[in-house]
Amino acid sequence: MADPIKVYPPKPSHVYFYATCLVDMFYPDAGMAGIQLLEREGIRVIFPEDQTCCGQPAYTSGYHDEARAVARAQLDLFPEDWPIVVPSGSCGGMMRKHYPGLFRNTDQETKAAGIAARTWELTDFLLNVCHIKLEDLGEPTNVAMHTSCSARREMGIAEVGPRLIGQLNNVNLVEQVRAEECCGFGGTFAVRHPEISGAMVSEKVDTLTDTGAGAFVTTDCGCLMNIAGFAEKNQKPLSGQHILSFLWERTNPGKGDNS
Amino acid sequence: MTQAPHHTDVREFHPRARAAIADPKIRKNFRKAMDGLITKRKDAFEGWDLEALRDLGANIRLRALANLPDLLEQLEKKLTENGVKVHWAIDGDEACRIIRDICVARNAKTVIKGKSMVTEEMELNHYLDDHDIEALESDLGEYIVQLAGETPSHIIMPAIHKNTGEISELMHEKTGTDLSSDVEYLTASARQQLREKFMNADVGVSGVNFAVAETGTLCLVENEGNGRMTTTVPPCHIAVTGIEKVVGNLEDVVPLLALLTRSATGQHITTYFNMISGPRKPEELDGPEEVHLVLVDNGRSSIYQDDELLDTLRCIRCGACMNHCPVYTRVGGHTYGTTYPGPIGKILMPHLIGLDEGRHLPTASSLCGACGEVCPVKIPIPDLLVRLRQESVDGDKLNPAKVRGHGAKRGTLEALVWRGWSWMHARPGAYRLGTTVASRLRRLQPGKLGGWTRYRTAPKLAARTLHERMKERGQ
Amino acid sequence: MNSRDTILQRLRERSGGKLNQPECDFSVLERPSSSVAERVEQFQKIIESVHGEVHRCTPESWIAQLAGILSSRGARNLLIPAAHQIGQALRDSGRDDLPELLIYDEPVRSWQAHMFNEVDASITSTRGGIAETGSLILWPTPDEPRLMSLVPPIHVAVLEASGLYTTFHEAMRVQNWKSGMPTNALLISGPSKTADIEQTLAYGVHGPKELIVLVIE
């Protein structure tokens, strides 16, 4: 699943920022935080205006013609050989692991493979390409990390979030039991099999609240909507945030550009 | 939950899942069992280069599959030289007939069985019963399940859905044992009941874990000793296997055995590793005088046609996938309604029963990938699930679907939805317009969104999309 | 066309592409070399962890140790090999603290019921063992039939310490199994057990309840 050996590029002058449709529509603050974190590292962030969606929802539903049509429209957005950074393990995984197969035996096979090879999840990029050093300006707090299944198993970045949080001196990272177990989002799975998904997210919220942290962070908006949404509906003492928003808030003096 | 196998409608997955989720006993029994198996497996692989071992396991299985027809012929040749009679069955029904014919030729009235999932697949016990031949399960878990009139809920631990109290009541009711939660007592009672059966059975039927072509050897793993009993005491032994279980060389079984027992139950090795290469020789004092092997296709040669789907046949039936599956842990094995439950069931059963009947199997997964991560032979299970979803809806004109029952789940409404979604998302202008409008109208967003809002609040559209904010920034 | 030909044809005329023959690297099975003493220790540790019992003996002491073990279990009899020197040595020992020694040398039908119901213990030789998994290697013979190590509730196995291999792969290779397999070859790694009742371990389900290994050093 994840690459056996990852070869990171050297820190570039420019990157393409691929927001993902969920960040674009529901969590733009997280996207902005990611862009600002990159710019603070001295990187010029290019935001291709014509970006829409990586195609994953149709892909995992089996509608590959439709997924391919949408993915095709993304392939021309990255003409320069710059890294493509994505604030999502799941969409990053779609592009990195599944684009090559989706375009096999088509004219775009080579282009898709090239794009796949330079796609990076954003926190992974910050840590292992930018070698970011975070200075914590916030008050002491506890937080739990929810690593999405795609971040863990497709992108192989389970240790990235904890290491970044570990750089924040006033943040205590607590670990929930059965951390590797899925939160039950699974894209359309949550609506096709609502009771099973509901049972999974219920237990995930329980294990997170049991840490006593009161808050969790994650790289994936799907998981975020799922876990935070359940907690909110059932009045559980747990709030969630995209990890990029969290990292920006902790390290940015003053109000910054987000909620 | 009891289901008579003939009458289980695989399509009724949703109501069974709902019932299982709401059943605290199922939730508790399975959670406890799976947690234990997950930990045991992890501990058992301590000190191993697990990735290298899995690579070896995967490569041995792939190499065998690449040579499958030649290896099957070699296996047949060696077994025949060794005195074993080899039979070939196109499907489960033919396999049942072959077994029945062997029994009839020997005037056999009772069959004792070692654990064999392929014989569950072909519903052998029911078939023999219909033909006045008694088939009795000897593996303790299978014995319990048979007493209850149920099917196994896990491929390695068939009675995993039952706790001690339930088993005690069952044995009391069916066999007259005392109501006791003493596991030693219950086990000793079962031992006593089954000893008699072993001694008097006419035929022993077993599965096969690995069939070695090089030497004509059938390998079986077990802890109880009933497998050795079944393959040694009755005067006739019939081994049954799917055609994909063959490996080329004797040494191939060593890493596969190391992977199998640790992945299944966290054991370094099972109590017995039983390697059978022929019937009793004239000078030997025990063992069956007749040994048969039935090779069963039952849809496997169809799977074999496709380069991607062929990976399904690597499976060594360890059960690790279901042990680690968050869906299986919550709904239990019977919810699937199929011989093989869990992730392997979801990728295998559609080929055996068709994607029409198996329509809910490929979607009953969040694609978390825990199964693929632990599979000892590295079957890319999530990728195969996505492939089967595509087959279910005839979703790829470039790679036309071919699995039996393909397209059964393609619904006009859903196809239209994805068509529309694709139209909009392939056109940047339309997308930006649509998302901007949605953000402006966000207060009109419906509060109820079906299955989602049953458990969670609805996702909140932002006041301005990131696109808009980037435009303001001049990017 | 019969089923055999149909199946083989379907497999040979498959529609997909050519299938790779991946290299199979067995080096992951290798273990560093170890002394006999280390192997005995590893073997003992593992088989004891699954309720196997190990007694360290010398060629001079094993019979006396055996007598003690069987008397402590109240064994009324002991099924022994007819021809193997283990059997010879036991018969020649002339000890009165050994239980009744039994030999079967007729086909199973005539003694099966007796073995199932009346025999308390058996003793067999082994073809060595495997330290890594705590396993005994047995190739049953006409002299030591298959049921001997399966039916009686106590199975005593005699293992020469020098016959311990580190891994199964090593044993298979050194003993050259692929050149000819017997009717039945076995690895026995403990007494019979099950965890089918709520994952609670219980011993002596169908096979022996006790596996006692005499390691001759």
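So, how was this worked out
- Residues numbered from 1 in each chain as written.
- Chains lettered and ligands numbered in written order.
- Predicted model: local features only at pLDDT ≥ 70, side-chain atom pairs only at ≥ 80, totals over all residues.
- Heavy atoms only, no water.
- Helix = DSSP H or I, 4+ residues; strand = E, 2+ residues; numbered from the N terminus.
- Buried < 20%, exposed > 50% of the residue type's maximum accessible area, 1.4 Å probe, protein only.
- Contact = heavy atoms within 4.5 Å.
- Areas by Shrake-Rupley, 256 points an atom, 1.4 Å probe, with all protein chains shown as cover.
- Lys, Arg positive; Asp, Glu negative; His and termini not counted.
- Charge placed at Lys NZ, Arg CZ, Asp CG, Glu CD.
- Buried area = accessible area lost by both parts, 1.4 Å probe.
- Salt bridge = Lys/Arg side-chain N within 4 Å of Asp/Glu carboxyl O.
- Nonpolar A, V, L, I, M, F, W, Y, C, P; charged D, E, K, R; others polar.
- Phe/Tyr/Trp six-rings, centres within 6.5 Å; stacked < 30°, edge-to-face > 60°.
- Lys NZ or Arg CZ within 6 Å of the ring centre and 35° of its normal.
- Patch = residues over 30% accessible without salt bridge, like charges linked within 9 Å, V, L, I, M, F, W, Y side chains within 5 Å.
- Pairing = 2+ DSSP bridges.
- Axes fitted to C-alpha atoms, helices over the stretch in contact; angles between N-to-C directions.
- Polar contact = N/O pair within 3.5 Å; in protein donor to acceptor, adjacent residues only side chain to side chain.

Draft legend 1. Expanded view of the overall build of chain C. Along chain C, the regular secondary structure elements total 6 helices and 12 strands. For chain C, the proportion of its 217 residues judged to be buried stands at 57%. Excluding contacts between residues fewer than 6 apart, the proportion of contacts in chain C whose partners are at least 24 apart in sequence is 72%. For chain C, the exposed area adds up to about 9200 Å²; of that, 48% sits on carbon and sulfur atoms. In chain C, which carries 20 positive and 27 negative side-chain charges, the distance between the mean positions of the two groups comes to 10 Å.

Draft legend 2. Structural context of the arrangement of the chains. Contacts are most numerous, across the 2 pairs of chains in contact, for chains B and C. For the non-touching pair chain A and chain C, the nearest C-alpha separation works out to 14 Å.

Draft legend 3. Region of interest: the interface of chain B and chain A. Contacts between chain B and chain A engage 70 residues on the former and 71 residues on the latter. With both sides pooled, the region where chain B packs onto chain A buries about 6200 Å², and carbon together with sulfur makes up 59% of that total. A salt bridge links glutamate 195 of chain A to arginine 18 of chain B, with the nearest nitrogen and oxygen atoms 3.7 Å apart. Here the element with the most residues in the side of chain B that touches chain A is helix α19 (residues 412-425) of chain B; it accounts for 7 residues. Split into classes, the residues belonging to the side of chain B that touches chain A amount to 28 nonpolar, 20 polar and 22 charged.

Draft legend 4. A look at the packing of aromatic side chains. A complete count under the given rule lists 16 aromatic pairs over all chains for this structure. Taking the centre distance of 6.0 Å and the plane angle of 65° together, the rings of tyrosine 18 of chain A and phenylalanine 78 of chain A count as edge-to-face. One end of the pair, tyrosine 18 of chain A, is in the loop between β1 (14-17) and α1 (21-25); the other, phenylalanine 78 of chain A, is in the loop between α4 (64-75) and β3 (84-86), and 60 residues separate them in sequence. Note on tyrosine 18 of chain A: relative accessible area 0%, which makes it buried. The buried category is assigned to phenylalanine 78 of chain A, whose relative accessible area is 3%. By the ring-pair criterion, three or more aromatic residues cluster together here, those being Tyr16, Tyr18, Phe78 and Trp82 of chain A. Here arginine 228 of chain B stacks its cationic end above the ring of tyrosine 272 of chain B, 5.0 Å away from the centre of that ring. Positioned above the aromatic ring of tyrosine 340 of chain B, the side-chain terminus of arginine 317 of chain B is 4.7 Å from the ring centre.

Draft legend 5. Quick look at a negative patch on the surface. Residue and element names in this part refer to chain B. Together, Asp129, Asp130, Asp132 and Glu134 give the surface a local cluster of negative charge. Note on placement: glutamate 134 falls in strand β3 (residues 134-137). A relative accessible area of 39% means that glutamate 134 is categorised as partly exposed.

Draft legend 6. Local environment of the sheet that holds strand β1 (residues 85-89) of chain B. Residues and elements named next belong to chain B. Strand order across the open sheet formed by 6 strands is β1-β10-β7-β4-β2-β3, with parallel pairing between neighbours. Both outer strands of the open sheet, β1 and β3, are each paired with one neighbouring strand and no more. On average, each strand axis in the sheet is tilted by 25° relative to the strand beside it, whichever way the strands run. Strand direction decides the pairing type here: β1 and strand β10 (residues 290-296), joined by 5 bridges, are parallel. The partner of histidine 87 across the bridge, within β10, is valine 294. Sheet strands in contact with helix α4 (residues 68-81) are β1 and β10, and its direction is about 145° off that of β1. Packed on one face of the sheet, helix α5 (residues 92-105) meets β1, β2 (110-113), β4 (203-206), β7 (236-242) and β10 and runs near 145° to β1.

Draft legend 7. Molecular detail of the interface of chain B and chain C. Chain B puts 95 residues into the contact, and the matching count from chain C is 78 residues. Taken over both partners, the interface formed by chain B and chain C buries close to 7600 Å², and the fraction arising from carbon and sulfur atoms is 59%. Along the contact surface separating chain B from chain C lie 8 salt bridges. Taking the shortest distance from any N to any O, the salt bridge between lysine 209 of chain C and glutamate 184 of chain B comes out at 3.3 Å. If you look at where chain B meets chain C, you find 45 residue pairs in polar contact (both at pLDDT 80 or more). Classifying every residue of the side of chain B that touches chain C by side-chain character gives 46 nonpolar, 24 polar and 25 charged.

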